[in-house]
Amino acid sequence: MSSPQSIDSSETSSQRTPAHVAIIMDGNGRWAEERGMDRMSGHAYGVEAVRATVRAAMQCGVRHLTMYAFSTENWNRPSAEVDALMDLLVRSLAAEADELAGQGVRLRAMGSLDRLPEGCREALAGAETKTSAGDKLDLTLALSYSGRWEIVEAFRKALVSGVAPGDVDEDTIGQLLAMPNLPDPELLIRTGGEQRISNFLLWQIAYTEFHFAPVFWPDFRESHFEQAIEQFHSRQRRFGKTGQQIQRTSS
Ligand code: FPP
């Protein structure tokens, strides 16, 4: 049986709702600067956009939502901003965990979590425990995360566990990623105007459809999520096949 990460080339229609949507939340700083506010206000307003996105994902029947909350590269920001972001994360987790649990959300974090301040790791552990029974939406926060970090970690795990070179295939690598049972995202949404991947989910996005939402993250709401899903439905996913082959399969 193939692992959830492998590409299912028989699935060429985009008519169904994507099971897994990944999001790059970008533009908090610019949103704040446009309003004469400090960058942290942009992050704080971004929390409401996270809430709206969770609601929209559940409403649309999405099963897995992965949000890029703090990248490995974000550690290079001024320490005052890093500290304030960690603090916002701790406060948001404390404030939202019960609500998320009530909604049936299971929250988890992936990344180099041992780099996070202790208070942050505790808040994450608390929220993960409170929401562990959630069976409607898997919400994964990518924190202190980068795609290259994840691939390096996978190599390390392979070497430590003594995987033989002949046993290495895509499924083996998929099983060594940070969230081995998470299917690849079918749709990746990025806000904020940039059209790049910024070291997010490098292995998993081999055949992911991209949607660039024309708003800064704090302004992202349910309607933007729904527009992304609608655009996804209009895409023809070919997975390397020809358009003719796809027509034959779907007729
Ligand atoms: C990118 O905007 C955003 C971040 C680095 C942080 C994302 C954090 C949040 C949305 C708030 C809290 C999240 C949770 C999960 C509680 P940017 O600062 O790079 O914006 P810019 O490109 O305009 O400078």
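Residues numbered from 1 in each chain as written. Predicted model: local features only at pLDDT ≥ 70, side-chain atom pairs only at ≥ 80, totals over all residues. Heavy atoms only, no water.

A.B. asks: Is there a simple way to think about the side chain of Thr 66 in this case?
C.D. replies: Tracing the backbone through its elements, the reader meets Thr 66 in strand S2 (residues 64–71). Judged by its relative accessible area of 1%, Thr 66 falls in the buried class. A polar contact of 2.7 Å, which involves the side chain of Thr 66, links it to the side chain of His 20. Not counting chain neighbours up to four residues away, the residues in contact with Thr 66 comprise His 20, Val 21, Ala 22, Ile 23, Met 110, Thr 140, Leu 182 and Phe 200. (Helix = DSSP H or I, 4+ residues; strand = E, 2+ residues; numbered from the N terminus. Buried < 20%, exposed > 50% of the residue type's maximum accessible area, 1.4 Å probe, protein only. Polar contact = N/O pair within 3.5 Å; in protein donor to acceptor, adjacent residues only side chain to side chain. Contact = heavy atoms within 4.5 Å.)

A.B. asks: I tried to follow the packing of helix H2 (residues 39–60) against helix H3 (residues 79–103) on my own but got confused; where do I start?
C.D. replies: What describes two packed helices is the angle between their axes and the distance between those same axes. Look at H2 against H3: their axes get within 11 Å of each other, and the N-to-C directions meet at 25 degrees. What the angle tells us is that H2 and H3 run roughly parallel. When you trace H2 past H3, the crossing you get is right-handed. Judged by residue contacts, Arg 39, Met 40, His 43, Ala 44, Val 47, Arg 51, Val 54, Arg 55 and Met 58 of H2 engage Glu 81, Ala 84, Leu 85, Leu 88, Ser 92, Glu 96, Leu 100 and Gln 103 from H3. In terms of residue class, the contact of H2 with H3 is made up of nine nonpolar, three polar and five charged. (Axes fitted to C-alpha atoms, helices over the stretch in contact; angles between N-to-C directions. Parallel < 35°, antiparallel > 145°, perpendicular 65-115°, else oblique. Left-handed = near helix turned anticlockwise from the far one by under 90°. Nonpolar A, V, L, I, M, F, W, Y, C, P; charged D, E, K, R; others polar.)

A.B. asks: Just to check I follow, could you spell out the pairing of strand S4 (residues 137–145) for this structure?
C.D. replies: The two faces of the sheet receive side chains in turn, since in a regular strand these alternate between them. Most of S4 sits inside the fold, with nine of its nine residues counted as buried. One ladder, built from seven bridges, connects S2 with S4; its direction is parallel. Directly across from Met 67, in S4, lies its bridge partner Leu 141. Examined bridge by bridge, strand S3 (residues 105–110) and S4 share six bridges and lie parallel to one another. Within S4, the residue paired with Ala 109 across the bridge is Leu 141. (Pairing = 2+ DSSP bridges.)

Functional significance is not addressed by these values, which are geometric in nature.
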